[in-house]
Amino acid sequence: MRAYRTVVAPALDDVPQGARGYQTLAVVVRGAQRNQLALATYLGIDRTVMTYLIDDLVTAGLVERRLTPADLRQRKIVATDRGVNTLRQLQRQVREAESRLLETLDESDRQAFRTLLSRIACDVRDMDVAAAPCDATSDPRDVAGP
């Protein structure tokens, strides 16, 4: 994973807060989260940290906060046109960096690797890492209860 970060990080240099900002922008562009708190929860980012991250993305012109009609105390984070275009460019740059990193694999192996890595990343969200932070390979269903 260190090699991945080394290769991909330069593509994300201009994004506020780097990889975390990129990940947040990608989720915002999809538009699935109903408000800022839901976005923070989905990404596993402390809500206070999320506030600063969103502030940085707003300042960069990539997203904006809009009132949620159902509850005017909440804000939905919405990508701007600039944010959508920036994400497209970043995705292309990240894909190019990944291709350089994985160039020793043929295309079918690259796709298999990406698919498996994505599956692992999604499954990690279901793990209780606070219970066993150093044992990221364990299956939470294998842990005996109290």
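Right above here is the structure, for reference.
Described below are features of the structure shown in this document. (Residues numbered from 1 in each chain as written. Predicted model: local features only at pLDDT ≥ 70, side-chain atom pairs only at ≥ 80, totals over all residues. Heavy atoms only, no water.)

The next subject is the overall build of the chain. Along the chain, the regular secondary structure elements total 6 helices and 2 strands. Counting across all 146 residues of the chain, residues that qualify as buried make up 30%. For the chain, restricting intrachain contacts to residue pairs at least 6 apart in sequence, the fraction spanning at least 24 positions comes to 45%. Surface summary for the chain: the accessible area is close to 10,100 Å², and the carbon and sulfur share equals 53%. (Helix = DSSP H or I, 4+ residues; strand = E, 2+ residues; numbered from the N terminus. Buried < 20%, exposed > 50% of the residue type's maximum accessible area, 1.4 Å probe, protein only. Contact = heavy atoms within 4.5 Å. Areas by Shrake-Rupley, 256 points an atom, 1.4 Å probe, with all protein chains shown as cover.)

Turning our attention to the environment of D56. Structurally, the position occupied by D56 is in helix α4 (residues 47-59). Remark: the alpha-carbon pair of D56 and Q17, spanning 39 residues in sequence, is separated by 7.9 Å. Excluding its chain neighbours within four sequence positions, the residues that come into contact with D56 are P16 and Q17.

Let's shift gears to the pattern of salt bridges. For the structure on display, the rule yields 6 salt bridges. Among the salt bridges present, the one from R65 reaches D55, with a minimum N-O distance of 2.8 Å. In this pair, R65 is assigned in strand β1 (residues 63-68) and D55 in helix α4, connecting sequence segments 10 residues apart. The exposure class of R65 is partly exposed, given its relative accessible area of 32%. For D55, a relative accessible area of 29% corresponds to the partly exposed category. In this structure, D71 engages R73 in a salt bridge whose closest nitrogen and oxygen atoms are separated by 2.9 Å. Of the residues examined, D71 reaches a relative accessible area of 18% and is grouped as buried. (Salt bridge = Lys/Arg side-chain N within 4 Å of Asp/Glu carboxyl O.)

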